[in-house]
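As a plain string of letters, each chain reads:
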Amino acid sequence: RVLSMDAVQKADSGHPGLPMGCAEIGALLWSSVLNYNPKNPNWVNRDRFILSAGHGSMLLYSVLHLTGYDLSLEDIKQFRQLHSKTPGHPESLDTPGVETTTGPLGQGLGNAIGMALGMKVLAARFNTDKHKIIDNKIYCLVGDGCIMEGVTSEVSSLAGHLKLDNIIVIYDANHVSLDGPLSESCSENTKMRYQAYGWEVFEVDGNNLDALNIVINEARQKQDRPRLIIAHTVIGKGSPNKAGSHKVHGAPLGPEEVKAAKISLGVPEEPFFIPQTVKDFFKKKLTQDISKEDEWKKLFEAWAKANPDKFKEFETMEHLRLPSDLEEKLQAVQIASPIAGRKASQDCLNMLADILPQLIGGSADLSGSDMTMLKKFPIISAGNYNGRNIKFGVREFGMATMATGLAQTCMFTPFIGTFLTFSDYMRNAIRLACLMKSHVVYQFTHDSIFLGEDGPTHQPIEHYAALRAIPNLHVIRPGDANEVKMSWVAALRYQGPTALLLSRQNL
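The model shown is predicted, which means the values in this text are computed figures rather than measured ones.

Caption draft 1: A look at the environment of N189. Locating N189 in the fold gives a position in the loop between β5 (180–181) and α9 (190–197). A residue is classified by how much of its surface remains accessible, and N189, at 42% relative accessible area, is partly exposed. Along the primary structure N189 and Q495 are separated by 306 residues, whereas in three dimensions their C-alpha atoms are 42 Å apart. A polar atom in the side chain of N189 sits 3.3 Å from the backbone nitrogen of K191.

Caption draft 2: Quick peek at the pairing of strand β6 (residues 200–205). Inspection of the sheet shows β6 paired to strand β7 (residues 227–232) by six bridges, in the parallel sense. Bridged to V201 within β7 is L228. As a crossover connection, the stretch from β6 through helix α10 (residues 209–220) into β7 is right-handed.

Caption draft 3: Representation of the layout of surface pockets within the structure. Roughly 860 Å³ of volume is contained in the largest pocket. The wall of the largest pocket is formed by 36 residues, among which N42, A407, Q408, T409 and C410 lie closest to the centre. Every element with two or more residues in the lining of the largest pocket is listed here: α12 (276–306) and α13 (308–318). Looking at which element gives the most residues to the lining of the largest pocket, the answer is α12, with four residues. One number sums up the size of the second largest pocket: a volume of about 600 Å³. Among the elements that line the lining of the second largest pocket, the one with the most residues is helix α3 (residues 23–33), at six residues. When its residues are assigned to classes, the lining of the second largest pocket shows 18 nonpolar, four polar and two charged.

Caption draft 4: Structural view of the sheet that holds strand β9 (residues 389–391). Pairing is parallel across the open sheet formed by six strands, whose spatial order is β9-β8-β10-β11-β13-β12. Each of the sheet's edge strands pairs with one partner strand only, and the pair in question is β9 and β12 (474–476). Averaged over all adjacent pairs, the angle separating strand axes in this sheet is 20°, with direction ignored. For strand β8 (residues 359–363) and strand β10 (residues 413–419), the ladder comprises five bridges, and the chain directions are parallel. Directly across from S363, in β10, lies its bridge partner G417. Packed onto the sheet, helix α18 (residues 423–436) meets β10 and β11 (441–445) and runs at close to 160° relative to β11.

Caption draft 5: Representation of α9 within the structure. For α9, every residue scored as buried is listed here: T190, R193 and Y194. Take α9 and look down its axis: the buried residues cluster within an arc of 90°, on one side only. Opposite the packed face of α9, turned more than 90 degrees from it, sit the exposed residues M192 and A196. If you follow the buried residues of α9, they end up packed against α6 (107–126), α7 (144–148), α8 (150–162), β3 (167–173), β6 and β7. For α9, the N-terminal capping position is held by N189, with its side-chain oxygen 3.3 Å away from the main-chain nitrogen of K191. One or two positions beyond α9, positive phi appears at G198, with a value near 100°.

Caption draft 6: Molecular detail of empty space enclosed by the protein. Counted under the stated rule, the structure contains two cavities of 30 Å³ or more. Of the voids in this model, the largest cavity is the one considered here, and its volume is about 60 Å³. Lining the largest cavity are W30, L34, Y36, R46, D47, F49, Y69, G97 and E99. Tallied by class, residues from the lining of the largest cavity come to five nonpolar, one polar and three charged. Its volume calculated, the second largest cavity comes out at about 40 Å³. Lining the second largest cavity are F49, I50, L51, L60, P90, V98, E99, T100 and T102.

Rules and cut-offs
Residues numbered from 1 in each chain as written. Predicted model: local features only at pLDDT ≥ 70, side-chain atom pairs only at ≥ 80, totals over all residues. Heavy atoms only, no water. Helix = DSSP H or I, 4+ residues; strand = E, 2+ residues; numbered from the N terminus. Buried < 20%, exposed > 50% of the residue type's maximum accessible area, 1.4 Å probe, protein only. Polar contact = N/O pair within 3.5 Å; in protein donor to acceptor, adjacent residues only side chain to side chain. Pairing = 2+ DSSP bridges. Right-handed = clockwise from strand over helix to strand, strands pointing away. 1 Å grid on protein atoms, 1.4 Å probe; cavity = no way out; pocket = protein on both sides within 12 Å on 5 of 7 lines; lining within 4 Å. Points joined across faces, edges and corners; volume = space filled by probe spheres on them. Nonpolar A, V, L, I, M, F, W, Y, C, P; charged D, E, K, R; others polar. Axes fitted to C-alpha atoms, helices over the stretch in contact; angles between N-to-C directions. Contact = heavy atoms within 4.5 Å. Arc of directions from axis to C-beta.

Printed below as a string of structure tokens:
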């Protein structure tokens, strides 16, 4: 609480309410729940924590600093300053330990569910009866704003359908939004909504450490589907005059209120004060955190020795290796001409799937039209994660956020498809993927003025310029089968997202 209120006050800008209201949640998760190694933030079997409510970034920065990540107290003091490691909303390329860039609400949950699906696929592909090298969990903290955003409905519905048993979502239910009391804009029964999605739902006082400890530990045990913990919290808890009010959501407390809060909390007025007992605790814990990965490495080495073929495939995926003769292999694919861009791409995709174990993808209920189905591989379903085809359903925005999450496992190159005109549904997720330089390929089809018979609702016009305007997005519009082949070479080699615009008509 102290680090959060002081950092926001020093910056004279930010959101102290969530970090202060969720302090118990952060403290509990990072002190006794999550498995992680601050000295290797990229350990593949780490538990992942995603702050979907990214405006509460000081909660995340506080725990990353305390637990020993490469984030100094001086970095904390530079909160929200240009070029600092502590920007206003968490950015995965800026700060060690930040799993994904968040801020536009709801998308972090989509990333988390994409990560959870990716880890289920990895577990199905690589775990053996004797060696379970992938058994981590994904934790995601969402707020009222995330719950209201439509994208969370899309991804939560799919997570329930797929029975993802490795994700636990904690809902900071403080009943306050930026504009005022939540009751002024929302009165839904979130518990029943998530139960209808197929989730198991718990409720708890989010400011009661003992109660939180019991519920989170219960949620981790014998999990067979996604779980939501509704944590009732007091926004800005610790602030004598602003706690529980929207006034603490997005503005500094003010010097006098910070002073009053510290008196109320019984801590020294010294800015950025950290008790020595806390420093000692996390210094001791750091040794335990490092040893957890060391223990896993022994398991991994035994697994690799017993399963050399699986190990070879794991290594290929871990480094996202491409064959040195990738271009030659694609040029050798026999594609009859004339042919539609979408069909030429499907021929390329199905050849690529044979040589790239990291390739995984799907469509927003259009795999027969956007030609994204990998014909030799099964469809992923609840209880069967061995496939490489994902049926996202008519959930374009959710699909795009989950694809980014799949890429963030650093073990997959995801591709997703829909009609070019529906790229508008995905635009904000594409933009965030571009900020993170996530390696995702978007296969947008039905690019043509010949879409006239479908009417203007399905005819892409401004979409070309709109996509090309997004920084870091490579937009390629191949004019024949040879250009489709080379588009895939370019997309696979580019360290960032690519949009392929493909025709329905023969070229």
